[in-house]
Amino acid sequence: MTTTRRLTGFKPTGHLHLGNLLGALRPLIAAQAATESIALIADLHALTLEHDPERVRAHTLEQATVMLAAGVDPERTPIVVQSHVPEHTGLHYLLECVTGFGEAARMIQFKEKSAGRGHVRLSLLTYPVLMAADILLYDIQQVPVGEDQNQHLELARTIATRFNGRYGETFTVPEGVRPDSAARVMDLADPTAKMGKSQGTGQIGLLDPPQTVRRTIARAVTDELAVVRRDRERQPGVTNLIDILAECTGREPSDPYSYGALKREAADAVEALLTPIRKRHAEFAADPAHVRKILADGAARIRPRAQATVRRTRAALGLLD
Ligand code: TRP
């Protein structure tokens, strides 16, 4: 029996946070035995908006280190830095030749991120084509995606299907999967927005010190209703805290009336989850050469498949070998 091939992508534009852990990393770790997964750190995607070179480099290494600390087993799940496998950009160009300008320009994220900017990098427009290359290179069947990446995944499917139709069976058409848990962690300071890497004060970084974590949760926005219940519409903050507690412990809040107690329980639960990750992170971070070796091994291990895909694609398109 062959196992399902999955790819989970992360963009090194900031510190990984609780939303990444519960929504992406934990599902990846839980599925490690049953699927053939790749954890991709999409560093080239971090260059599509104004960026600080030193930060991109630091976040790339930090994200890899945090993945190891959280329990990604690099023997089972290669952790790969996108730019270490040049076939990503090689396939990108070939896929651009079957993608319409209008298709790329229609992407909601492109429109949002380019709006009101003087200088828009061309790579911001072509970003979803690079993302399609990330997926199609490895014959991926399943891609866990949040809502914000749905449209990009659809484009990857369109590109694969179109290519296969015009130039012959070349790519596996990937499917989007929702992470098993309903985990969608919202920002604690603005519980109507998803927890993100770079906005505001309501994120919990996986490497934040305990007192910061506790302070962020203690200051979480709630409401005046004084009842602990799930009601995303009317009580988004309280609902988020209940969900975080449930995700971390599998249990519901014990006191249905006190927001103080809810916050304490949620903070304890998050701390119980983060303490061992911080500790293991410190161990891995003490030996960056070891982490880099793991990344080099991961890239070397998956590269033959990427090379085979590019060879197949070149041949289908009529390039002389
Ligand atoms: N674009 C994704 C994001 O911003 C990251 C990503 C890059 C990705 N390549 C991918 C996700 C391939 C899934 C598959 O979060």
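The rules behind these values
Residues numbered from 1 in each chain as written. Predicted model: local features only at pLDDT ≥ 70, side-chain atom pairs only at ≥ 80, totals over all residues. Heavy atoms only, no water. Bend = angle between axes of the 7 residues up to and from the residue. Helix = DSSP H or I, 4+ residues; strand = E, 2+ residues; numbered from the N terminus. Buried < 20%, exposed > 50% of the residue type's maximum accessible area, 1.4 Å probe, protein only. Contact = heavy atoms within 4.5 Å. Core = buried A, V, L, I, M, F, W, Y, C linked by side-chain atoms within 4.5 Å. Domains from an automatic or database assignment. Phe/Tyr/Trp six-rings, centres within 6.5 Å; stacked < 30°, edge-to-face > 60°. Buried area = accessible area lost by both parts, 1.4 Å probe. Salt bridge = Lys/Arg side-chain N within 4 Å of Asp/Glu carboxyl O. Polar contact = N/O pair within 3.5 Å; in protein donor to acceptor, adjacent residues only side chain to side chain. Axes fitted to C-alpha atoms, helices over the stretch in contact; angles between N-to-C directions. Parallel < 35°, antiparallel > 145°, perpendicular 65-115°, else oblique. Left-handed = near helix turned anticlockwise from the far one by under 90°. Nonpolar A, V, L, I, M, F, W, Y, C, P; charged D, E, K, R; others polar. Near = heavy atom within 4 Å. Areas by Shrake-Rupley, 256 points an atom, 1.4 Å probe, with all protein chains shown as cover.

Engineer: With reference to specific residues and values, describe helix α1 (residues 18-30).
Structural biologist: Of all the bends in α1, the greatest reaches close to 30 degrees and is centred on Ala 24; the proline Pro 27 follows between one and four positions later. Taken together, the buried positions of α1 are occupied by Leu 18, Gly 19, Asn 20, Leu 21, Leu 22, Gly 23, Leu 25, Pro 27 and Leu 28. Contact partners of the buried residues in α1: β1 (4-10), β2 (35-41), α2 (53-70), α9 (236-249) and α10 (259-285).

Engineer: Mind laying out the nonpolar core, listing which residues take part and the relevant values?
Structural biologist: Of all hydrophobic cores here, the largest spans 45 residues; its most connected members are Leu 18, Leu 21, Leu 25, Ile 79, Ile 217 and Val 270. For this core, the secondary-structure elements that each account for two or more residues are α1, β2, α2, β3 (79-81), α8 (210-218), α9, α10 and α11 (288-317). No other element matches the 9 residues that α10 contributes to this core. When residues of this core are assigned to domains, at least three fall in each of domain 1 (4-182 + 287-317) and domain 2 (185-283). Filtering out sequence-adjacent residues up to four positions away, Leu 25 remains in contact with Phe 10, Leu 16, Asn 20, Met 67, Ala 70, Val 72 and Leu 206. With 37 residues, the next largest nonpolar core counts Ala 42, Met 131, Ile 135 and Val 143 among its residues.

Engineer: Could you give me a rundown of the packing of aromatic side chains, with the residues and numbers involved?
Structural biologist: Enumeration over the complete set of coordinates arrives at 2 aromatic pairs. With a centroid separation of 5.1 Å and 55 degrees between ring planes, the pair formed by Phe 163 and Tyr 167 is classed as tilted. Here Phe 163 pairs with Tyr 167, and both are found in helix α7 (residues 150-167), just 4 residues apart, close to one helical turn. Overall, Phe 163 belongs to the buried group, its relative accessible area being 0%.

Engineer: Lay out the domain arrangement of the protein with the relevant residues and their values.
Structural biologist: Taken domain by domain, the protein comprises domain 1 (4-182 + 287-317) and domain 2 (185-283). One C-alpha centre belongs to domain 1, the other to domain 2, and the line joining them spans 29 Å. Interface of domain 1 and domain 2: buried area, both sides summed, is about 1,800 Å²; carbon and sulfur atoms make up 66% of it. In terms of surface lost to domain 2, no three residues of domain 1 exceed His 17, Leu 18 and Ala 69, which account for 34% of the buried area on that side. In this assembly, domain 1 and domain 2 are joined by 2 salt bridges. A salt bridge links Lys 194 to Asp 148; the nearest nitrogen and oxygen atoms lie 3.4 Å apart. Remark: the boundary between domain 1 and domain 2 carries 6 residue pairs in polar contact (both at pLDDT 80 or more). Broken down by secondary-structure element, the contributors of at least two residues to the side of domain 1 that touches domain 2 are α1 and α2.

Engineer: So what's going on with the packing of helix α3 (residues 87-96) against α11? Which residues, and what values?
Structural biologist: Relative to each other, α3 and α11 sit at 20 degrees, their axes nearing to 10 Å. Considering their axes alone, α3 and α11 lie roughly parallel with respect to each other. For the pair α3 and α11, the crossing hand works out as left-handed. Residues Glu 87, Leu 91 and Leu 94 of α3 touch α11, and the partners they reach there are Arg 303, Ala 306, Gln 307, Thr 309, Val 310, Thr 313, Arg 314 and Leu 317. Classifying every residue of the contact of α3 with α11 gives 5 nonpolar, 3 polar and 3 charged.

Engineer: Lay out the site of the ligand in plain terms, naming residues and giving numbers.
Structural biologist: By nearness alone, every residue bordering the ligand is listed as Leu 7, Gly 9, Lys 11, Ala 42, His 45, Tyr 127, Met 131, Asp 134, Ile 135, Val 143 and Gln 149. At 2.7 Å from a nitrogen atom of the ligand is found a side-chain nitrogen or oxygen belonging to Asp 134. Calculation on the ligand without its partners gives an accessible area of 360 Å², and the protein chains cover 91% of this total. Elements with a minimum of two residues in the shell around the ligand: β1 and α6 (122-136). No other element matches the 4 residues that α6 contributes to the shell around the ligand. Its residues assigned to classes, the shell around the ligand comprises 6 nonpolar, 3 polar and 2 charged.

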